[in-house]
Amino acid sequence: MGSVVLKSLSVLLGIFFVFVGIMKLTSYISKDLHKDLRKEYVKYAKVFPLANAMDFKVPSKWYRRVVGTLELVCGAAMAIIPNYKIKNASNGVLLLLMLLAVYSHYMVNDKFERIAPALVFFFMLTGRLVIDWQLRRKNNQAATANGVDEKTKKQD
């Protein structure tokens with residue numbers, strides 16, 4: 001059961017982030033939405049966490065492109081690649097991007113309606129990691145228990 005949930009969550013989250021990444025990179029899906037994203041990233045680049053601390057200015061165009069590319073690549077990895085280490089690394093990168101999104105929305109005083117999607121996907125990504133860790137722990141405990149049973153049988 002948990003494996004089905006994990007696979008479904010991985011594929012659906014992956015497809016979502018591929019979709020969002022494409023929207024940030026090109027106007028192929030929606031010209032109006034892409035135009036709005038470009039305007040919003042001008043504000044987000046001004047509140048980038050390292051901008052104030054290190055006097056480091058991030059060009060909004062490159063900020064949007066880097067975030068979009070990371071979402072596209074990590075989303076594709078979560079949806080397609082079967083290796084759990086790569087999926088979990090992608091999950092971690094996307095978690096950091098969602099934290100950055102929540103921070104950016106908060107710093108530019110966006111309404112809660114604008115912050116909520118980033119929070120929802122942050123919690124979904126966190127839930128996916130928790131499910132993965134629980135399944136791995138359960139499988140390791142089952143393997144250990146089977147190993148102990150086999151050792152006991154060999155000693156008899």
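Here the structure is a predicted model, which is why all the values come from computation and not from measurement.

Draft legend 1. Examining the overall build of the protein more closely. When you go through the protein residue by residue, the secondary structure sums to six helices and zero strands. Moving toward the C terminus, one meets the helices and strands of the protein in the order α-α-α-α-α-α. The globule rule puts the C-alpha radius of gyration for 156 residues at 15 Å, and the 20 Å found for the protein is more than 25% above it. Projecting the C-alpha coordinates of the protein onto the three principal axes gives extents of approximately 75 × 35 × 25 Å. Expressed as a percentage of the 156 residues in the protein, the buried residues total 33%. The long-range fraction of contacts in the protein, counting pairs at least 24 apart against all pairs at least 6 apart in sequence, stands at 66%.

Draft legend 2. Just a nonpolar patch on the surface, in detail. A cluster of nonpolar side chains, contributed by F19, Y28 and I29, occupies part of the molecular surface with about 370 Å² of accessible area. The residue I29 is located in the loop between α1 (2-25) and α2 (31-46) in this model.

Conventions and cut-offs
- Residues numbered from 1 in each chain as written.
- Predicted model: local features only at pLDDT ≥ 70, side-chain atom pairs only at ≥ 80, totals over all residues.
- Heavy atoms only, no water.
- Helix = DSSP H or I, 4+ residues; strand = E, 2+ residues; numbered from the N terminus.
- Rg over C-alpha atoms; globule rule 2.2 N^0.38 Å.
- Buried < 20%, exposed > 50% of the residue type's maximum accessible area, 1.4 Å probe, protein only.
- Contact = heavy atoms within 4.5 Å.
- Patch = residues over 30% accessible without salt bridge, like charges linked within 9 Å, V, L, I, M, F, W, Y side chains within 5 Å.
- Areas by Shrake-Rupley, 256 points an atom, 1.4 Å probe, with all protein chains shown as cover.
- Salt bridge = Lys/Arg side-chain N within 4 Å of Asp/Glu carboxyl O.

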